[in-house]
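# Reading the structure
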Amino acid sequence: MEVTSIQNGIIIDHVPAGTALKVLDYLKIDPAKTKLALIMNTDSHLYGSKDIIKIEDRDGEDNPHIDLDVLGLVARTATVGIVRGGTIVEKKTPTLPEHVVNILTCKNPRCVTTTERGIDQMFHLTHSERQEYRCDYCDEEAKL
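In the nomenclature of an unreviewed UniProt entry, the protein is known as Aspartate carbamoyltransferase regulatory subunit of Bifidobacterium leontopitheci.

Below you can see the structure in the form of structure tokens.
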């Protein structure tokens, strides 16, 4: 299989194998409206296997916005390469965010975010090794 290089855009590499579609969903990237290539379950020297997401810039537009906090939450091992003129000009590595807003949803039926409309879903990191987040309002553990 041959996947050509992109001239301008981004490459999200080292995505955990089998999770590329979930990553696109969390990043709010619509595959039906975005020129992209998904390479799933390819070989990786570091992880055994991985997914790769290549997103080509649309005509005249700058790089698609990638929220590194969201990426750090759903694909902690991923790296983001910014491509210009067919060359990676910058690499970014997401980190696990200390606080996330409106990315996760509280599952506690008695939480104020469940019963009241218009309240932001806010979670804080309580244990980085386990990637454990808890609701700021009711302290319920988030399920990724």
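Time to look at the UniProt feature "domain: Aspartate carbamoyltransferase regulatory subunit C-terminal" (unreviewed entry) in the protein. Per the UniProt record, "domain: Aspartate carbamoyltransferase regulatory subunit C-terminal" (unreviewed entry) is annotated on residues 100–141. For residues 100–141, the helix share is 10%, the strand share is 29%, and the end-to-end C-alpha distance is 13 Å.

Applying the stated criterion to the full structure yields five salt bridges. Of the charged contacts, one joins Arg 84 and Asp 57 as a salt bridge, the two residues approaching to 2.7 Å between their closest N and O atoms. Of this pair, Arg 84 sits in strand β4 (residues 79–84) while Asp 57 sits in the loop between β3 (48–56) and α2 (68–74), placing them 27 residues apart in sequence. What makes Arg 84 partly exposed here is its relative accessible area of 27%. Measuring nitrogen to oxygen at the nearest pair gives 3.9 Å for the salt bridge that ties Arg 134 to Glu 141.

Each value, and the rule that gives it
Residues numbered from 1 in each chain as written. Predicted model: local features only at pLDDT ≥ 70, side-chain atom pairs only at ≥ 80, totals over all residues. Heavy atoms only, no water. UniProt positions renumbered as here; feature names shortened; annotations may be inferred. Helix = DSSP H or I, 4+ residues; strand = E, 2+ residues; numbered from the N terminus. Salt bridge = Lys/Arg side-chain N within 4 Å of Asp/Glu carboxyl O. Buried < 20%, exposed > 50% of the residue type's maximum accessible area, 1.4 Å probe, protein only.

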